[in-house]
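Spelled out from the first residue to the last, the chains are:
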Amino acid sequence: MSNKGRRHTRVVDNLTMARKVEGAIKGDLARVEYDIVDHKAAEKVTLNVSFDNHFLPWAKEHKRTWRNDRYLYDCHLKPRFVGKALEEINAFEINKMKLAMKKAKNKQGRPCTPETIKHVVVLLKRLFNLATRWRIHKGANPCAGVELPKLDNKVTEFLSDEKTERLLKVLDAWPFKQTAASIRFAVFTGCRREELFKMKWGDVDVERKILTLRAPKGGKTEIIPLSDTTLSAIEDLARKSEYVFPGREGAMLTGFKGPWEMVRKEAKLPASFHFHGIRHSFASNLVSSGVDFYTVGGLRTHKQAVTTQRYAHLSDEAMRRAVEKSAEVITPKEKKEEAVENDIESAQRAYYGQQKTLLLFIENLMADLMKKQFQENLEKIKKYATI
């Protein structure tokens, strides 16, 4: 056959086949000439394929908490959305999942907490965002129409002076030195559990009395000071591994729930008190003692001053003492004149101390905001400079 003066030749066995080949050639030439594209149905990507083949490998490379993501996916997302294409998952289905999680009970016989529901929705939202970035999902993110549960982040889990004293007495007599030393170290430093697990002897500088925290929660290496009391908690530990608190065969420790539960029960601490509550107690005791928010935030390696500010209200005993002090100032007749004057002066000093702490917090907060605004302006300048 000929097309625009150009001859196209094919050799076939019979006339019927020749006609079929001629039709195919004409069709190919027409598609090229008029830029006609075959619209084949694209293969739909399911949630489980997206998670297993794309999200999980990425999470293992970029997230320290990828195991938590896999656990949440296996427990909540996989049973509900397995085999479903990403395009078939909508906000209505996700809200139905939220409601089911509120009503369902876990292995302990309790419904899912708002924190767990939020983590699941956030995980699904990130999965869709990454799928869009990687061009395996072209639709909208269905989680954009889903309201996250509102959480009450007011911290109430902390130890009173009496409970702290009971805990330290139990640790003094505890037969397992490493368990006692790790908990005592947390009491005096406010370190997170994972930070204790990763702590190596090379990170502890005894002469300079400092500890280097490698890749803490904020991601940036931090250095915190250590007191003599803190160093004494680990000085008798055997250095049988590079880790200060090693696990089996000298490897990094991965779990601490069992030993902590035994110590907690022996110290008669509430069943609801978790190991992380020691960190809250460390911060609340410092703030209640008059240490400014900026210093406490530095010791706790907080990235934002607002995170530290929420600990200011923690000590019920401190508030109770303030109320009693105000009552004594208001009714001075029951006291001697000299004692009344001393009480008023003490109340004034406490008031001015609180005002100073508040001003320091506001200054630090404004500094953080100005730094953030400066970075944003700098990025804009760089952007315009490259145009």
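Please refer to the structure placed before this passage.
Attention here is on the structure that accompanies the text. Given the structure is predicted, the values throughout are model-derived calculations rather than measurements.

Here we come to the sheet that holds strand β3 (residues 204-205). Pairing within the open sheet is antiparallel, and its three strands lie in the order β3-β4-β5. Every other strand in the sheet has two partners, leaving β3 and β5 (222-225) as the edge strands with one partner each.

The subject of this paragraph is the nonpolar core. Ranked by size, the top nonpolar core spans 36 residues in total, and within it Leu-167, Ile-183, Phe-185, Leu-211, Phe-245 and Trp-260 carry the most contacts. Among the elements that make up this core, the one with the highest residue count is helix α7 (residues 177-189) (six residues). Other than its neighbours up to four places away in sequence, Ile-183 contacts Leu-167, Leu-171, Phe-256, Trp-260, Val-263, Phe-275 and Ile-278. Formed by 29 residues, the second largest nonpolar core is a distinct cluster that contains Tyr-73, Ile-89, Cys-112 and Val-146.

Going through the model one piece at a time under the given rule, you end up with eight aromatic pairs. Ring centres of Trp-58 and Trp-134 lie 6.5 Å apart, and the angle between their planes is 65°; this geometry places the pair in the edge-to-face category. Residue Trp-58 is found in helix α2 (residues 47-62), and its partner Trp-134 is found in the loop between α5 (114-133) and α6 (161-172); the two are separated by 76 residues along the sequence. Taken together, a centroid distance of 5.5 Å and an interplanar angle of 80° make the contact between Trp-260 and Phe-275 edge-to-face. A residue pair is termed long-range when its members are at least 10 positions apart, and Trp-260 in helix α10 (residues 257-266) and Phe-275 in the loop between α10 and α11 (277-288) qualify at 15 residues. By the ring-pair criterion, three or more aromatic residues cluster together here, those being Phe-51, Phe-55, Trp-58, Tyr-73 and Trp-134.

The next subject is unusual backbone geometry. Located in the positive-phi region is Glu-249, a residue other than glycine, with phi close to 55°. Structurally, Glu-249 can be placed in the loop between α9 (228-232) and α10. Its relative accessible area of 86% is what places Glu-249 among the exposed residues. Unusually for a residue other than glycine, Lys-268 sits at a positive phi of about 55°. Examined against the element boundaries, Lys-268 turns out to sit in the loop between α10 and α11. A relative accessible area of 62% means that Lys-268 is categorised as exposed.

Bringing α10 into the picture now. Taken residue by residue, α10 has Trp-260, Val-263 and Arg-264 as its buried positions. Projected onto a plane normal to the axis of α10, the buried residues spread over an arc of 100° and lie on a single side. A positive phi of about 55° marks Lys-268, the residue just after α10.

Side chains Ile-210 and Thr-212 of strand β4 (residues 210-213) all project onto a buried face; the interleaved residues Leu-211 and Leu-213 project onto the opposite face, where all are buried too. Note that β3 and β4 share two bridges and pair antiparallel. Bridge pairing links Val-204 to Leu-211 in β4. The hairpin turn running from β3 into β4, its antiparallel successor, is four residues long, and Lys-209 in that turn takes a positive phi close to 60°.

To continue, consider the packing of α6 against α10. It is at 9 Å that the axes of α6 and α10 come closest, and there the two elements cross at 120°. Both α6 and α10 take part in a crossing whose hand is right-handed. Judged by residue contacts, Leu-167, Val-170 and Leu-171 of α6 engage Trp-260, Val-263 and Glu-266 from α10. A class-by-class count of the residues in the contact of α6 with α10 yields five nonpolar, no polar and one charged.

Taking 1.5 Å of rise per residue, the 13 residues of α7 would be expected to cover 18 Å, and the 18 Å separating its terminal C-alpha atoms lies within 8% of that figure. Across the 13 residues of α7, ten count as buried, placing the element largely inside the fold. Every buried residue of α7 is listed here: Thr-179, Ala-180, Ala-181, Ser-182, Ile-183, Arg-184, Phe-185, Ala-186, Val-187 and Thr-189. Backbone geometry just after α7 places Gly-190 at a positive phi near 75°.

Reading the values: the criteria
Each chain carries its own residue numbering, running from 1 in the direction its sequence is written. Reporting in this predicted model follows two pLDDT cut-offs: at least 70 for local features of residues, and 80 or more for side-chain atom pairs to be given and counted; totals over whole chains, interfaces and linings ignore these cut-offs and use all residues. Hydrogens and waters are ignored; side-chain quantities use all the structure's heavy atoms. Following DSSP output, two strands are said to pair if at least two bridges run between them. The helix and strand labels rest on DSSP assignments: H or I over at least four residues marks a helix, E over at least two residues marks a strand, and numbering proceeds from the N terminus. Side-chain atoms within 4.5 Å are what join buried Ala, Val, Leu, Ile, Met, Phe, Trp, Tyr and Cys residues into a set we call a nonpolar core. Residue exposure (1.4 Å probe, protein chains only): buried if accessible area is under 20% of the type maximum, exposed if over 50%, otherwise partly exposed. By the convention used here, residues are in contact when the closest approach between their heavy atoms is within 4.5 Å. Any pair of Phe, Tyr and Trp rings, taking the six-membered ring for Trp, is counted once the centres come within 6.5 Å. Such a pair is stacked with planes under 30 degrees apart, edge-to-face with planes over 60 apart, and tilted for the rest. The arc refers to the directions leading from the helix axis to the C-beta atoms. Lines fitted to C-alpha atoms define the axes, with helix axes restricted to the stretch in contact, and inter-axis angles between N-to-C directions lie between 0 and 180 degrees. By convention, the crossing between two helices is left-handed when the near helix turns anticlockwise from the far helix through less than a right angle, and right-handed when the turn is clockwise. Gly counts as polar in this scheme, as do all residues outside two lists: the nonpolar Ala, Val, Leu, Ile, Met, Phe, Trp, Tyr, Cys and Pro, and the charged Asp, Glu, Lys and Arg. A helix's residues, less one, multiplied by 1.5 Å, set its expected span.

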